[in-house]
Amino acid sequence: MIFQASGHSGSAVVTALYETASSALIERSAAASAAGADVLEWRLDYGVSTHAALSLDDVAAAIPQALDLLPHPLLLTLRTAANGGEADLMPGRYSVMLAGLFDSLMRLGVDRSRIGVDIEFSQKNMQTLVDSALDLGLTVMLSARDSESPLDPDVLQVMLEDLLEVHGVVPALKVHVTTDEEAQRALDVFARVRSRAGRPMILAADGSAARNVTLGASRVGSAATWARFENTQLDALAGEVSVEETLAFLASGSASE
């Protein structure tokens, strides 16, 4: 499982990287790793959107070099536009691209225990993709997004329970929160469901009150929390806290083990 804290307690700190060239991704990953990130998320949808790519072969080819250079694992995310990402893909193309990525990883012979893949729960072939990824030894983050406002705790609980029905994955739910009260409700529901489930789960957020969830998730046992490496516009839109501030918070003793 790639979501492991390194040198601190609490949640693993994940940093998303949006570069569209493989060389730039590796360079930025090294800098983010040195800054304290535990997991380096490559947002593949930005490259797909920019270059109108039909496959992820170029990214796959860069992974051996990245794993040789970096001490921390990679999370590969192809986020579709329907789920808040940049990849506006035709039906079925998402599955084809991920299946091609899995084939490349198998051929390359890399240490797949150091690689995670995000798979969207809403995809028609979700279970087939999950099974293929697990067969390869990848960590699977099964993601869903609740963008409704105001946040409905009952809907949030149902979504988390639906994710938990898929075995072998790390369920991850991103919520949209605009008030402190919504953020606290999200944290309370997540804590309750995770306590019953007894397995790694992730809570993330966007919206004007996302900071409360970003830091608070570590207190309720989220396996990971997202933090920005540099003060980019994309990070600000995601409502992420800096790596430095996140690590300070985790070291303060406020976060749970």
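Keep in mind it's a predicted model, so treat the numbers as computed, not measured. (Residues numbered from 1 in each chain as written. Predicted model: local features only at pLDDT ≥ 70, side-chain atom pairs only at ≥ 80, totals over all residues. Heavy atoms only, no water.)

Caption draft 1: Main features of the packing of helix H8 (residues 210–219) against helix H10 (residues 243–251). Running from N to C, H8 and H10 cross one another at 35°; their axes reach a closest spacing of 10 Å. Relative to H10, H8 is oriented so that their crossing is right-handed. Touching Arg211, Leu215, Ser218 and Arg219 of H8 are Glu245, Thr246, Phe249 and Leu250, all from H10. For the contact of H8 with H10, the class distribution of residues is three nonpolar, two polar and three charged. (Axes fitted to C-alpha atoms, helices over the stretch in contact; angles between N-to-C directions. Helix = DSSP H or I, 4+ residues; strand = E, 2+ residues; numbered from the N terminus. Left-handed = near helix turned anticlockwise from the far one by under 90°. Contact = heavy atoms within 4.5 Å. Nonpolar A, V, L, I, M, F, W, Y, C, P; charged D, E, K, R; others polar.)

Caption draft 2: Summary view of helix H3 (residues 57–69). The largest bend in H3 amounts to roughly 35° and is located at Ile63, with the proline Pro64 lying one to four residues further along. All of the buried residues along H3 are Val59, Ala60, Ala62, Ile63, Ala66 and Leu67. Buried residues belonging to H3 abut helix H1 (22–35), strand E2 (39–43), helix H2 (44–51), strand E3 (74–77), helix H4 (93–108) and strand E4 (115–120). (Bend = angle between axes of the 7 residues up to and from the residue. Buried < 20%, exposed > 50% of the residue type's maximum accessible area, 1.4 Å probe, protein only.)

Caption draft 3: Structural view of the sheet that holds E2. Taking strand neighbours across the sheet as the criterion, the nine strands line up as E7-E6-E5-E4-E3-E2-E1-E8-E9 in an open arrangement whose pairing is parallel. The outermost strands of the open sheet, each flanked by one partner alone, are strand E7 (202–206) and strand E9 (241–242). Sheet analysis places strand E1 (residues 12–17) next to E2, joined by four bridges and oriented parallel. Paired with Val14 across the two strands is Val39, which belongs to E2. Strands in contact with H1 are E1 and E2; relative to E2, the strand with the most contacts, it is inclined by about 150°. (Pairing = 2+ DSSP bridges.)

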